[in-house]
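Structure at a glance
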Amino acid sequence: GDGVGNDIIVNGTVTSTSSNTITTNTALTGSPYCVTSSTGASVSVPFTSVGTFNGGNVYTAQLSNAAGSFASPVSIGAVTSTSNTDIISATIPAGTAAGTGYRIRVVSNNPVVAGSNNGTDLTVQNSAAITTQPSTTVQNICQGGTATAL
């Protein structure tokens, strides 16, 4: 304290005063996404937001774990924008574990807002390397995929 009795004590929790919201588009296309140990899968993540986003704001697309949890999200793409409508060109990383419960959400940093997730489970598949005979060409094929006749 300052010894004069002008101390301010704050009890409780601090919450964001921003009323801004971000809605991740529910119509993401491309699932199931096929990834290998060295190649990711592209996904466009459209979103809308409400409110004023400040200069230098970065919208980031985040991937959940295979159970849909964002406790330790993976950033998969970003765009610097103050717009209320945009699309993030994202990539599901190479080596992402196969699973059927992934979700994607968009967050911002100025102000800090965690957006809704896409609302639908997304599937990530891992490809298998197939060597066709008599050729020695290796093709990476996901479940349901088709090998190219060589």
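What counts and what doesn't
Along each chain, the written sequence defines residue order, and numbers are assigned to residues from 1. In keeping with the model being predicted, local features are shown solely for residues with a pLDDT of at least 70 and side-chain atom pairs are shown and tallied solely at 80 or more, while totals for entire chains, interfaces and linings include all residues. With hydrogens and water excluded, all non-hydrogen atoms of the structure serve as input to the side-chain values. Two strands form a pair only when DSSP identifies at least two bridges running between them. Segments assigned H or I by DSSP are reported as helices when at least four residues long, segments assigned E as strands when at least two residues long, and all are numbered from the N terminus. Only the stretch in contact is used when a helix axis is fitted, and all axes are lines through C-alpha atoms; the angle between N-to-C directions ranges over 0 to 180 degrees. Burial classification: accessible surface area is computed with a 1.4 Å probe over protein chains only, and a residue below 20% of its type maximum counts as buried, one above 50% as exposed, and the rest as partly exposed. In this analysis, two residues are considered to be in contact whenever any of their non-hydrogen atoms come within 4.5 Å of each other. Grouping buried Ala, Val, Leu, Ile, Met, Phe, Trp, Tyr and Cys residues that are joined through side-chain atoms within 4.5 Å yields what is termed a nonpolar core. What makes a salt bridge here is a side-chain nitrogen of Lys or Arg within 4 Å of a carboxyl oxygen of Asp or Glu, nothing more. Note on ring pairs: Phe, Tyr and Trp rings are taken, using the six-membered ring of Trp, and paired if centres are within 6.5 Å. Classes follow the plane angle, with under 30 degrees stacked, over 60 edge-to-face and the rest tilted.

It is worth spelling out the sheet that holds strand 3 (residues 41-50) at this point. With antiparallel pairing, three strands are arranged side by side in an open sheet as 1-3-6. Pairing within the sheet leaves two strands with one partner each, and these edge strands are strand 1 (21-24) and strand 6 (85-92). Across the sheet, the mean angle from the axis of one strand to that of its neighbour is 30 degrees, orientation sign disregarded. Strand direction decides the pairing type here: strand 3 and strand 6, joined by eight bridges, are antiparallel. Counterpart to Phe47 in the pairing with strand 6 is Asp86.

To continue, consider the environment of Ile22. Inspection of the secondary structure assignment puts Ile22 in strand 1. Look at Ile22 and you get buried, because its relative accessible area is 4%. Considering only alpha carbons, one finds Ile22 and Val106, 84 residues apart in sequence, at a separation of 6.9 Å. For Ile22, the residues in contact, after removing those within four places along its chain, are Phe47, Thr48, Ser49, Phe53, Tyr59, Val106, Val107, Ser108, Val113, Gly115 and Ser116.

Next up on the list: unusual backbone geometry. Here the residue pair Ser31 and Pro32 is connected by a cis peptide bond, since its omega of 5 degrees sits within 30 degrees of zero. Note on placement: Pro32 falls in the loop between strand 1 and strand 2 (33-35).

Ranked by internal contacts, the top residues of the largest apolar core, which has 23 residues, are Val43, Val45, Tyr59, Ile88, Ile92 and Ile104. With four residues, strand 3 is the largest single contributor of residues to this core. What Ile88 contacts, discounting residues up to four positions off in sequence, is Val43, Ser44, Val45, Phe47, Tyr59, Thr60, Ala61, Gly77, Ala78, Val79 and Val106.

The final tally for this structure, using the stated rule, is one salt bridge. Salt-bridge contacts for Asp121 lead to Arg103; the nearest nitrogen and oxygen are separated by 2.8 Å. Of this pair, Asp121 sits in the loop between strand 9 (112-117) and strand 10 (122-126) while Arg103 sits in the loop between strand 7 (99-102) and strand 8 (104-109); the two residues are 18 residues apart in sequence, bridging distant segments of the chain.

As a further point, take the packing of aromatic side chains. Counting across every chain of the model gives two aromatic pairs. Ring centres 4.5 Å apart and planes at 50 degrees place the aromatic pair Phe47 and Tyr59 in the tilted group. Of the two residues, Phe47 sits in strand 3 while Tyr59 sits in strand 4 (residues 58-63), which places them twelve residues apart along the sequence. Residues Phe47 and Tyr59 agree in their burial class; the two are buried. Ring centres of Phe53 and Tyr59 lie 5.2 Å apart, and the angle between their planes is 50 degrees; on these two criteria the pair is classed as tilted. Looking at Phe53, the relative accessible area reads 5%, which means it is buried.

This brings us to the sheet that holds strand 10. Strand order in the open sheet made by the three strands is 2-10-7, with mixed pairing throughout. Each edge of the open sheet carries a strand with a single partner, namely strand 2 and strand 7. For this sheet, the mean inter-axis angle between neighbouring strands, taken without regard to orientation, is 35 degrees. With two bridges joining them, strand 7 and strand 10 adopt antiparallel strand pairing.

Treat this as a map of the structure, not an account of what it does.
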